[in-house]
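# Fold and geometry: a report
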Amino acid sequence: MDNPQIARIFEEIADILEIKGENPFRVRSYRNAALVVQGFAVSLKSIVEGGEEELEKIPGIGTSIREKVVEILATGKCKFHDGLLKELPPGLLELLRISGVGPKKVALLYDKVGIKSVDELEKAAQAHKLCGLPGMGEKSEQKILKAVQEAKRVSGRFGLSTVRTVAEDYKSHIKKLKGVIDVEPSGSLRRWKESIGDLDILVTCKKGVPVMDHFVSYPEVSEVVAKGDTKSTVILTNGLQVDLRVLDKKSFGSALQYFTGSKAHNIAVRDRAKRMGLKISEYGVFREKTGKWMAGRTEQDVYGAVGLEWVPPELRENRGEIEAAEASKLPGLIELKHIKGDLHVHTKESDGANTLEEMAEAAMAMGYEYIAVTEHSKGLAIARGLEEKRLLKHIETIDRFNERLKKKGVKFRVLKGTEVDIRSDGTLDYKSSLLERLDCVVGAVHSGFDMPGKDMTRRILKAISTAKLHILAHPTGRLIGTREPYAVDMEKVINAAKKYGVFLELNAYPERLDLNDIHCKLAKDTGVLVAISTDAHNTLHLKNIVYGVHTARRGWLGKKDVLNAGGLKEVLKLLKKG
DNA sequence: GCCGTTTTCGGCCCGACTGTTTTCAGTCG
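Conventions adopted
Residues numbered from 1 in each chain as written. Chains lettered and ligands numbered in written order. Predicted model: local features only at pLDDT ≥ 70, side-chain atom pairs only at ≥ 80, totals over all residues. Heavy atoms only, no water. Helix = DSSP H or I, 4+ residues; strand = E, 2+ residues; numbered from the N terminus. Rg over C-alpha atoms; globule rule 2.2 N^0.38 Å. Buried < 20%, exposed > 50% of the residue type's maximum accessible area, 1.4 Å probe, protein only. Expected span 1.5 Å × (residues − 1). Contact = heavy atoms within 4.5 Å. Polar contact = N/O pair within 3.5 Å; in protein donor to acceptor, adjacent residues only side chain to side chain. Pairing = 2+ DSSP bridges. Right-handed = clockwise from strand over helix to strand, strands pointing away. Axes fitted to C-alpha atoms, helices over the stretch in contact; angles between N-to-C directions. Parallel < 35°, antiparallel > 145°, perpendicular 65-115°, else oblique. Left-handed = near helix turned anticlockwise from the far one by under 90°. Core = buried A, V, L, I, M, F, W, Y, C linked by side-chain atoms within 4.5 Å. Salt bridge = Lys/Arg side-chain N within 4 Å of Asp/Glu carboxyl O. Near = heavy atom within 4 Å. Nonpolar A, V, L, I, M, F, W, Y, C, P; charged D, E, K, R; others polar.

So, about the overall build of chain A. The secondary structure content of chain A amounts to 23 helices and 17 strands. Taking 578 residues into account, the globule formula puts the C-alpha radius of gyration at 25 Å, and chain A, at 26 Å, falls close to it. Over its C-alpha atoms, taken along the principal directions, chain A stretches across nearly 80 × 60 × 50 Å. For chain A, the residues scored as buried account for 52% of the 578 residues in total.

So, in structure tokens, the structure goes:
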């Protein structure tokens, strides 16, 4: 049982207790515990091995949840959870996914109409069995029907890059309206979360500007869910929900803070405010007793009012950033301008779209000092992987290219590399003597993704232990929203990387972002450098580096934690194998 | 169920919008 699996159990317990109408604070405890466990870098399993009582040092975990964690780790099950599941039909929890249907409605629908699944809900709404229920009329019924169909059409979350594009476009639409002063996307987009549930946009404008009318007139809007004076919600044709909030300049900072989230971060900040006799809302920081306005113009003011340093949005997940902000110990985070090169790049020689010259020029235009050209190895025939002979020839081509640059006095270098396949048995797809001739050996798994965790871990550990790898590429193999990470034990991988002097890649491709934020933090804490690489297959892909940098920031990485924040000299030194 | 700069008991973040109500509950973020 890994942390996400344990978190899911607590999430389900919270859902069921809520439907049962249990004490909402008890529900919140389970929900909070799920969040904490989900975001915890070290596996609870290894914590418990160091003593059960260590669990209770984690904020949000008390006696009861500690016991359940121990039980789950020992037996793979939780009796309390199993008991609750037996009380309700299995499809009932799915109903909570329907927008506008919460725990109270689920209970009502089940008790009065016997609805046990989303399908039954849809049929009941179509047969007009819902209107007439307490608190529900014609409109509620239509709303639910629409929400069910919407839920069937789009599934869950959107990719970071998709939402970023929409946000830019929506922003320019809103800015066209006269009298609009500021437009600022916030929410999980501003935190650079790897996937986005909905888009939140904040607007300040002059009085009397019809900003809501203009907001809902965006051509991509397919449905207006809510439209008030200060807040509106629409659904776009692609299924993305967009919320707009209009505010005064005076409360822009507090609103930005509030709508940036995360929820867990905000609850913790507000809780802190409360203990200080203050109250924080999206309108500002107020004295609780007198209601006197204290701050709100900027985020700095808001955090300052509760004795905290300003927290970069990427860190706002309640994973220790508040304690760090209090103690002035927030990490200095990596920035785009720190990146000096890209250590995972393809060209036409294997499955890239651009030539060596084109890739190098694009990298130079970005101000880089180097790239490593890392073509696929022979085993990956589908990607035109290079046979030994072709690789040797490619090495010569790169040597000649570098000589030409040198003659011209250009301070840029192409490193000779490979993305060598890690075979099923953990051996590498080129022999050691060939790998030793390269500047940068990137190793990657490209097959057998559904191997049992034990085998996959053994496979990757074996590859690392050859001591021929410089960098382990996309270490978990996930494709966000499409393919789960393979069942590899990342704690073991990170520890082995430390032992054998291997660096870990943070693949910046927005569908990968692999390592994820949590593993980045673990790598940092273990003392393993991370290489932020784009795996570019054309010149445009090089720009994806921004996604990698922000994911690294979410993982608390600073300049000195990132391999390619070093200049050419530094990187060559680090890539030298003893 | 968790937690403690007032607490080991009694609190627990805060506000907008909607629909079905005549003052509010439910949902959402």
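This part covers helix α2 (residues 24-38). Here α2 contains 15 residues, and its C-alpha end-to-end distance of 21 Å stays within 8% of the 21 Å for a straight helix at 1.5 Å per residue. All buried positions along α2 are accounted for by Val27, Tyr30, Ala33, Ala34, Val36 and Val37. Looking at the buried positions of α2, the neighbouring elements they touch are α1 (3-19), α3 (44-49), α4 (63-75) and α5 (79-87). Backbone nitrogen of Phe25 and a side-chain oxygen of the N-cap are separated by 2.9 Å at the start of α2; the cap is Asn23.

Let's shift gears to the pairing of strand β17 (residues 530-533). Of the two faces of β17, the one carrying Val530 and Ile532 and the one carrying Ala531 and Ser533 are both buried. Note that strand β16 (residues 503-507) and β17 share 4 bridges and pair parallel. Looking across to β17, one finds that Leu506 is bridged to Ile532. Considered for its hand, the β-α-β crossover made up of β16, helix α21 (residues 517-526) and β17 is right-handed.

For the pair helix α7 (residues 118-126) and helix α8 (residues 138-153), the least separation of the axes is 9 Å and the interaxial angle reads 140 degrees. The orientation of α7 with respect to α8, classified from their angle, is oblique. Two packed elements cross with a definite hand, and for α7 against α8 that hand is left-handed. Residues Val118, Asp119, Leu121, Glu122, Ala124, Ala125 and Gln126 of α7 form the contact with α8, whose own contacting residues are Glu141, Ile144, Leu145, Val148, Gln149 and Lys152.

Time to look at the nonpolar core. Within the largest apolar cluster, 61 residues are counted, with the highest numbers of intra-cluster contacts made by Val414, Ile460, Leu504 and Ile532. Among residues more than four places away in sequence, those in contact with Leu504 are Ile471, Leu472, Pro475, Val493, Ile494, Ala497, Leu515, Ala523, Val528, Leu529, Val530 and Ala531.

So, on to the pattern of salt bridges. Evaluation of the coordinates by the stated rule reveals 35 salt bridges. Residue Arg390 is joined to Glu349 by a salt bridge in which the shortest nitrogen-to-oxygen separation is 3.4 Å. Taken together, the residues Arg390 in helix α17 (residues 388-408) and Glu349 in the loop between β11 (341-345) and α16 (356-365) connect sequence positions 41 residues apart. Look at the salt bridges and you will find they share partners, linking Arg191, Glu317, Arg319, Asp517 and Arg554 into a network.

This brings us to the side chain of Glu314. Relative to the helices and strands, Glu314 is located in the loop between α14 (299-305) and α15 (321-326). A distance of 2.7 Å separates a polar atom in the side chain of Glu314 from a polar atom in the side chain of Arg553.

Turning to the sheet that holds strand β4 (residues 198-205), a few remarks are in order. The mixed open sheet is built from 5 strands, whose spatial order is β2-β4-β7-β6-β5. The outermost strands of the open sheet, each flanked by one partner alone, are β2 (180-185) and β5 (221-227). Between one strand and the next, the sheet's axes are offset by a mean angle of 20 degrees, whatever the strand orientation. Bridge analysis of β4 against strand β7 (residues 241-247) gives 7 bridges, and the strand direction is parallel. In the sheet register, Val203 faces β7, and the bridge partner there is Val246.

Our next topic: the protein's contact with DNA strand B. Surrounding DNA strand B, one finds 50 residues, the nearest of these being Arg28, Gly60, Gly100, Gly137 and Tyr258. Looking at DNA strand B alone, sugar and phosphate atoms form 77% of those within 4 Å of the protein. Asn23 is positioned such that a nitrogen or oxygen atom in its side chain is 3.1 Å from a base oxygen of DNA strand B. Grouping the amino acids of the surface near DNA strand B by side-chain chemistry returns 14 nonpolar, 16 polar and 20 charged.

Here we take up the sheet that holds strand β12 (residues 370-376). One open sheet holds the 7 strands; their spatial order is β11-β12-β13-β14-β15-β16-β17, and the pairing between them is parallel. On the outer flanks of this sheet lie β11 and β17, each paired with one strand and no other. Both strand β15 (residues 471-472) and β16 contribute to a ladder of 2 bridges, which runs parallel. Across the sheet, the residue bridging to Leu472 is Leu504, located in β16. Contacts from helix α22 (residues 545-554) reach β16 and β17 within the one sheet, and its direction differs from that of β17 by about 150 degrees.

On to the environment of Tyr283. Residue position: Tyr283 is located in the loop between β8 (278-281) and β9 (284-287). In this view, Tyr283 contacts Arg245, Ser251, Ser254 and Trp293; residues no more than four positions away in its chain are not counted.

Looking along the chain, the bond that leaves Gly261 and enters Ser262 is cis, with omega of -5 degrees. For the bond from Asp514 to Leu515, the omega torsion is 10 degrees, close enough to zero to count as cis. Within the fold, Leu515 resides in the loop between β16 and α21. One non-glycine residue with positive phi stands out, namely Ala467, at about 60 degrees. Mapped onto the fold, Ala467 is located in the loop between α19 (453-465) and β15. Owing to a relative accessible area of 32%, Ala467 belongs among the partly exposed residues under this scheme. Of note, the phi angle at Asp535 is positive, near 60 degrees, even though the residue is not glycine. Position of Asp535 among the secondary structure elements: in the loop between β17 and α22. Owing to a relative accessible area of 7%, Asp535 belongs among the buried residues under this scheme.

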